[in-house]
Amino acid sequence: MLRYLSNPLALLALLLSIPSAASAQAYQCRIPGSVSVPEIAPAGRPRPLPVTGYTLAVSWSPEFCKGREMQSRHRTQCSGRSGRFGFVAHGLWPDGRGTWPQYCSTQRKVSPVEARRNMCMMPSTALIASQWTKHGSCMTRRPETYFKVTRILWNSITWPDADRLSRNDELTAGMLRDAFVRINPDWPREAVGVSANTRGWLRELRLCYGKDFMPRRCNARQYGPNDRAKLKIWRGL
């Protein structure tokens, strides 16, 4: 897949030819028969800045869902009724110089059809809508294109066995990076960011791309804890 990402024109051609479905690292995924997509009001000021690169943020769902299992707005992802999820896409974020673009002007909304198409990758219609409103609007003219690019990047990655890693009491952020690059050998370690909460539990991976959609070195904010930092992974099962 990375041979396509090295050439933006090849990527554009690929957008028109690949299947539209994408899956999270899910134990199961059952897409609801019908969904509603909420209206998302901007939570900050617009920043229509030039895009310098991209970050694919990938959440570890068991950690996110801890304590949210009974909340109605997180029912699809966290209740277990629609499946059990491992890594899920948080979003594809455009980067800028010093800050990031956000909430660019658009009248387009995510349709229920498009939301359902992505729910095994990003199992929340509220999240799908908010990622388009905040991030996708600064990258493409149509939500369908934004999510198709996200799916291309998502499907190019093999996800590490976080359940197995979670059983290592000596786990560090560096060990997680090692596991990632071992099964994704085209990725340099410095392009694999890790986000943990204040108690040291894994929240997300942050995968860093240049404007050409090739992996590039993360900045310090994206990279997160150093390789020696202790890390824990909540299994949630």
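Residues numbered from 1 in each chain as written. Predicted model: local features only at pLDDT ≥ 70, side-chain atom pairs only at ≥ 80, totals over all residues. Heavy atoms only, no water.

Moving on: the pairing of strand β4 (residues 202–210). For β4, the tally of buried residues reaches 8 of 9 residues, placing the bulk of the element in the interior. Pairing analysis gives 7 bridges linking strand β1 (residues 53–60) to β4, with the strands arranged antiparallel. Bridge pairing in β4 places Gly-53 opposite Gly-210. Bridge count for strand β3 (residues 192–196) against β4 is 5 bridges, and the pairing is antiparallel. Paired with Gly-193 across the two strands is Arg-206, which belongs to β4. Hairpin connection from β3 to β4: 5 residues lie between these consecutive antiparallel strands, with Gly-200 at a positive phi of about 90°. (Buried < 20%, exposed > 50% of the residue type's maximum accessible area, 1.4 Å probe, protein only. Helix = DSSP H or I, 4+ residues; strand = E, 2+ residues; numbered from the N terminus. Pairing = 2+ DSSP bridges.)

Another aspect to go through is the nonpolar core. By size, the foremost hydrophobic cluster in this structure holds 42 residues, and its most contacted members are Phe-87, Trp-159, Phe-180, Trp-187, Leu-205 and Leu-207. Contributions of two or more residues to this core are made by β1, β2 (87–95), α6 (125–134), α7 (143–155), α8 (162–165), α9 (173–183), β3 and β4. The element contributing the most residues to this core is α7, with 5 residues. In this view, Leu-207 contacts Tyr-54, Thr-55, Leu-56, Ile-157, Trp-159, Phe-180, Trp-187, Ala-191 and Val-192; residues no more than four positions away in its chain are not counted. (Core = buried A, V, L, I, M, F, W, Y, C linked by side-chain atoms within 4.5 Å. Contact = heavy atoms within 4.5 Å.)

If the charged atoms of two oppositely charged side chains come close together, the side chains can form a pair. Within this structure, the stated rule accounts for 12 salt bridges. Measuring nitrogen to oxygen at the nearest pair gives 2.2 Å for the salt bridge that ties Glu-114 to Arg-117. In this pair, Glu-114 and Arg-117 are both assigned in helix α5 (residues 112–117), 3 residues apart and thus about one turn of the helix distant. A relative accessible area of 1% places Glu-114 in the buried class. A relative accessible area of 30% places Arg-117 in the partly exposed class. Among the salt bridges present, the one from Asp-163 reaches Arg-167, with a minimum N-O distance of 3.2 Å. (Salt bridge = Lys/Arg side-chain N within 4 Å of Asp/Glu carboxyl O.)

Moving on: the state of the cysteines. What we call a disulfide is simply a covalent bond connecting the sulfur atoms of a pair of cysteines. One pass over the structure, following the stated rule, counts 4 disulfides. With its sulfur 2.1 Å from that of its partner, Cys-104 forms a disulfide with Cys-138. One disulfide, between Cys-104 and Cys-138, carries an S-S torsion of 100° and so falls in the right-handed class. On the criterion of sequence distance, the pair formed by Cys-104 in the loop between β2 and α5 and Cys-138 in the loop between α6 and α7 is long-range, its members being 34 residues apart. (Disulfide = S-S within 2.5 Å.)

Below, the discussion takes up unusual backbone geometry. Excluding glycine, residues mostly carry a negative phi; peptide bonds, for their part, are mostly trans. The backbone phi angle of Tyr-103 is positive, close to 50°, even though this residue is not glycine. Of note, Tyr-103 is situated in the loop between β2 and α5.

With that settled, consider α6. By the criterion of burial, α6 is predominantly enclosed, with 7 of the 10 residues buried. Among the structural elements, β2, α5 and α7 are those in contact with the buried residues of α6.

Take the confidence of the model for the chain next. Averaged over the chain, the pLDDT score is 90; the fraction of residues at 70 or greater is 88%. The low-confidence segment residues 1–10 (pLDDT under 50) makes 18 contacts with residues lying over four places distant or belonging to another chain. In the model, residues 12–24 has pLDDT below 50 throughout and makes 31 contacts with residues more than four positions away in sequence or in other chains. (pLDDT = per-residue confidence, 0-100.)

Let us now look at the pairing of β2. Buried residues dominate β2, accounting for 8 of its 9 residues. Sheet topology places β1 next to β2; 8 bridges connect them, and they run antiparallel. In the strand pairing of β2, Leu-56 is matched with Leu-92.

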